[in-house]
Each structure stands twice: as structure tokens, then as C-alpha cells.
Amino acid sequence: MVNGASAAGPIVRAFDLAAVGQDLAPLLDPAEHGRANTIADTATRREFLAGRIAQRLAAAELLGCEPAALETAYVCPDCGSGPDLAHGRPGYRLRGGAGGVSLSLSRSSGWAVMAMLPAHGLRLGVDIQHIASVGFPGFDGVALSPAEQRRLGGLPPALRDAWRADAWARKEALAKHSGQGLRTDPATIPAFSDGAADGPWAGVVVRSMGPGELGLPDGFAVALAHGGRSGGL
Ligand SMILES: [Zn+2]
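Residues numbered from 1 in each chain as written. Predicted model: local features only at pLDDT ≥ 70, side-chain atom pairs only at ≥ 80, totals over all residues. Heavy atoms only, no water.

K.L.:
Can you help me understand the sheet that holds strand β9 (residues 204-209) in this one?
P.N.:
Within a sheet, neighbouring strands are paired by backbone hydrogen bonds and run either parallel or antiparallel to one another. Taken together, the three strands give an open sheet; going across it, the order is β8-β10-β9, and neighbouring strands pair in antiparallel fashion. Edge strands, defined here as strands with exactly one partner in the open sheet, are β8 (124-130) and β9. With direction set aside, neighbouring strand axes in the sheet form an average angle of 15°. Pairing between β9 and strand β10 (residues 220-227): six bridges, direction antiparallel. What sits directly across from Arg 207, in β10, is Leu 224. Its contacts with the sheet put helix α5 (residues 157-178) on β8, β9 and β10, and the angle it makes with β8 is roughly 150°. (Pairing = 2+ DSSP bridges. Helix = DSSP H or I, 4+ residues; strand = E, 2+ residues; numbered from the N terminus. Axes fitted to C-alpha atoms, helices over the stretch in contact; angles between N-to-C directions. Contact = heavy atoms within 4.5 Å.)

K.L.:
Teacher, can you tell me more about the packing of helix α4 (residues 146-153) against α5 here?
P.N.:
The angle between the axes and the distance between the axes are what describe a pair of packed helices. Closest axis-to-axis distance for the α4/α5 pair is 10 Å, and the angle between their directions is 150°. Taken together, the axis directions place α4 and α5 in an arrangement best described as roughly antiparallel. The crossing of α4 and α5 is right-handed. Taken together, the residues of α5 that come into contact with α4 (itself represented by Glu 148, Arg 151, Leu 152 and Gly 153) are Arg 160, Trp 163, Arg 164 and Lys 171. The class makeup of the residues in the contact of α4 with α5 is two nonpolar, one polar and five charged. (Parallel < 35°, antiparallel > 145°, perpendicular 65-115°, else oblique. Left-handed = near helix turned anticlockwise from the far one by under 90°. Nonpolar A, V, L, I, M, F, W, Y, C, P; charged D, E, K, R; others polar.)

K.L.:
For this particular structure, what's the right way to read the side chain of Gln 55?
P.N.:
Examined against the element boundaries, Gln 55 turns out to sit in helix α2 (residues 42-63). The residues contacting Gln 55, other than those within four sequence positions of it, are Tyr 74, Pro 90, Tyr 92, Leu 103, Leu 105 and Met 114.

K.L.:
Please explain the packing of aromatic side chains as it appears in this structure.
P.N.:
What describes a pair of aromatic rings is the distance from one ring centre to the other and the angle between the planes of the rings. Across all of its chains, the model carries three aromatic pairs by this definition. Taken together, a centroid distance of 5.6 Å and an interplanar angle of 85° make the contact between Phe 136 and Phe 139 edge-to-face. On the basis of relative accessibility, which here comes to 47%, the residue Phe 136 falls in the partly exposed class. You can call Phe 139 buried: its relative accessible area is 4%. Both rings, one in Phe 139 and one in Trp 168, keep their centres 5.7 Å apart while their planes meet at 75°; by these two values the pair is edge-to-face. Of this pair, Phe 139 sits in helix α3 (residues 139-143) while Trp 168 sits in helix α5, and the two are 29 residues apart along the sequence. (Phe/Tyr/Trp six-rings, centres within 6.5 Å; stacked < 30°, edge-to-face > 60°. Buried < 20%, exposed > 50% of the residue type's maximum accessible area, 1.4 Å probe, protein only.)

Structure follows, in C-alpha cells:
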């Protein structure tokens with residue numbers, strides 16, 4: 001595999017955000033609480049905290065350490081990495097140690113998926129979309145390239161929203177993989193290039209995952225992006 005990924009690739013898990021114990025919030029770092037405090041809506045804030053708690057627990061399990069032994073170490077292609085950075089690609093470092101975790105997390109409709117690799121600073125992106133949320137007027141023009149719109153037009157109407165959600169999840173996974181988020185025009189992100197794209201996604205593998213594969217209810221699309229030219233920052 002590329003860039004230190006295990007032979008099995010990233011570990012991917014889905015979970016119910018409501019099932020995460022909010023009593024574990026004291027485990028989080030000051031920068032995480034700072035970001036939570038900027039979220040005015042209570043339900044949204046709880047889901048944010050649940051995601052951060054779950055990803056810390058999973059990262060600690062992966063490294064075989066205590067959750068409190070990890071500090072957040074987000075990576076932004078523009079700003080670098082550090083415990084005070086609260087945006088970019090998520091990751092953790094062992095306090096005072098050499099180990100770390102690269103991670104990606106996505107939330108939708110009360111559920112979340114995370115992908116992890118057992119080293120810091122690797123490129124990784126995962127995304128979950130609810131199929132019912134993508135079939136709105138104007139979606140195709142904003143989200144899809146002309147070629148993708150033609151591909152969509154060739155499908156039976158009953159299959160189109162599932163295809164849209166899959167395409168959008170793949171684009172979001174690629175945007176997270178690059179660390180650029182949606183600063184990139186989504187229509188230009190090659191949802192189906194499968195490693196053949198030039199530029200930031202050359203060699204990146206994108207895989208669609210079905211809800212059953214992850215223990216999710218029906219109605220979701222999930223995509224994972226990993227690998228590529230530089231495993232580094
Ligand atoms: Zn930045």
C-alpha cells in the first residue's frame with residue numbers, strides 16, 4: 001500500500017452519535033472546546049462533541065494508549081499543524097511521544113463515519129451523505145461537472161438520487177483528502193477518476209461503501225479516499 005497505509009488500508013467505522021457518552025467531553029483539548037463553544041445550536045454542538053469524543057477513543061484504541069495521552073494535531077496545507085489548530089485534516093499525536101493517528105470524520109443525520117491510519121500526517125478523507133438530502137433543485141449545476149451531469153442523465157430517474165449522493169460523498173472525501181475542503185469548486189473535483197486524475201488527487205484511491213458494509217441504516221452513501229502522491233502534510 002501507499003504511504004504507510006496498512007495492507008488492509010484505512011480502518012473505517014460507522015456509529016450513532018447519540019450513543020456517544022457526553023460525560024467524556026472533559027477528555028477533549030482546549031481548542032476542541034473552543035470550537036464547540038462557537039456552535040450555538042445545542043443539538044449540533046452535542047453532535048460535534050460526540051464526533052470528537054468518538055474519534056479520540058478510537059484513535060487511542062488503535063494506538064493502545066489512554067485517550068488523555070493524545071493531543072489533537074490537525075493539519076492544514078496552508079497553516080501547518082499544531083495543538084491550537086482547529087481546522088484542516090484531523091489527527092492526533094501522542095503527548096511527548098512519536099506515535100500518531102491520521103483521521104477523517106463525517107456526520108450526517110445523527111450518524112457518523114470515521115477512517116483512521118496509525119501514523120500522523122497521512123492524507124485521508126471519508127464522507128457520509130444522506131440520499132434524501134441531495135436531490136434538490138440546482139444540485140447538479142453546482143456539484144457536478146458537465147461529464148458527470150451527462151452520466152447522471154443516462155441513469156433511470158429512480159436511481160439518480162443515490163448516484164448523486166455517491167458522487168457527492170466521493171467529492172467530499174477527495175476534498176478532505178487534499179485538506180482544501182470546499183475551497184475547491186466541487187464541480188471540478190473528479191468523483192470518478194479512480195486515481196487517474198492529475199494534480200492533487202493523482203493516484204488517490206476512492207471507494208464507495210454501502211450502508212450494510214458499515215452497519216448503517218439504508219439511505220446513506222459513504223466514500224473513502226486514501227493514498228496518493230505524498231503521504232506527508
Ligand atoms: Zn489553514
